[in-house]
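Coordinates in review
Read off the chains here:
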Amino acid sequence: SQQGEEDPQALSIQEGENATMNCSYKTSINNLQWYRQNSGRGLVHLILIRSNEREKHSGRLRVTLDTSKKSSSLLITASRAADTASYFCATDPLGGADKLIFGTGTRLQVFP
Amino acid sequence: DAGVIQSPRHEVTEMGQEVTLRCKPISGHDYLFWYRQTMMRGLELLIYFNNNVPIDDSGMPEDRFSAKMPNASFSTLKIQPSEPRDSAVYFCASSPQKLAGYNEQFFGPGTRLTVL
């Protein structure tokens, strides 16, 4: 069964607004990663946060991790139409033998 | 770097036919993963290899599915016989040896399989 569950399932916003996506997981992890998938393409790695980190930034992306609540959030600031894609969280479970468990994804639509 | 290469990009076949999907991972990567993505089931891990050795094939749905990695630069996923419910996008991904907790995966463009 998938470990990561994201919400919302779908999100529509206007350009310039911020987009926040949340991910919950079930077991202890080594790290948590976020990926983007444009329509008809493969997934692209965005950012990785380790279990001992609480917040990480990369450009317009901000990721937080709360291991006590087993949850993470991805914030995209000042969104652009090009940010339209599906976003997936993926967890690297402790003792998970090097495989990632992907969530169900959030479909983000950014209107110009 | 060309990234992960998959072929074919699209495959349309009839039920009962054999289908072979191919993947060339990024040079130097030790891990190779095969995933299947559908609207209903999302992204599912089918099997993964470490240094050409299958480590976990628990996601392979049935005996009709098989995967091989004869060398570090090539892997195949075979479906024989194919069924309409196998229609999906199949992704290959590779990853370098995990160092200091970093194990991001690099995905290929996928093969869209349609079984009629």
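Some words on the state of the cysteines
Residues and elements named next belong to chain A. In total, this model carries two disulfides over all chains according to the counting rule given. A disulfide bridge connects Cys23 with Cys89, and the sulfur atoms are separated by 2.0 Å. In this structure the cystine formed by Cys23 and Cys89 twists about its S-S bond by roughly 65 degrees; its chirality is therefore right-handed. One end of the pair, Cys23, is in strand β3 (residues 19–24); the other, Cys89, is in strand β9 (residues 85–93), with 66 residues separating them in the sequence.

Re the environment of A:Ser58
On the secondary structure map, A:Ser58 appears in strand β6 (residues 55–58). Given a relative accessible area of 35%, A:Ser58 falls into the partly exposed group.

Quick look at the sheet that holds strand β8 (residues 74–79) of chain B
All names here are of chain B. An order of β1-β3-β8-β7 is seen for the four strands of this open sheet, with the pairing classed as antiparallel. Two strands lie at the open edges of the sheet, namely β1 (5–7) and β7 (65–71), each paired on one side alone. Adjacent strand axes in the sheet meet at a mean angle of 15 degrees, parallel and antiparallel pairs treated alike. Here β7 pairs with β8 via five bridges, running antiparallel.

Basis of the calculations
- Residues numbered from 1 in each chain as written.
- Chains lettered and ligands numbered in written order.
- Predicted model: local features only at pLDDT ≥ 70, side-chain atom pairs only at ≥ 80, totals over all residues.
- Heavy atoms only, no water.
- Disulfide = S-S within 2.5 Å.
- Helix = DSSP H or I, 4+ residues; strand = E, 2+ residues; numbered from the N terminus.
- Buried < 20%, exposed > 50% of the residue type's maximum accessible area, 1.4 Å probe, protein only.
- Pairing = 2+ DSSP bridges.
- Axes fitted to C-alpha atoms, helices over the stretch in contact; angles between N-to-C directions.

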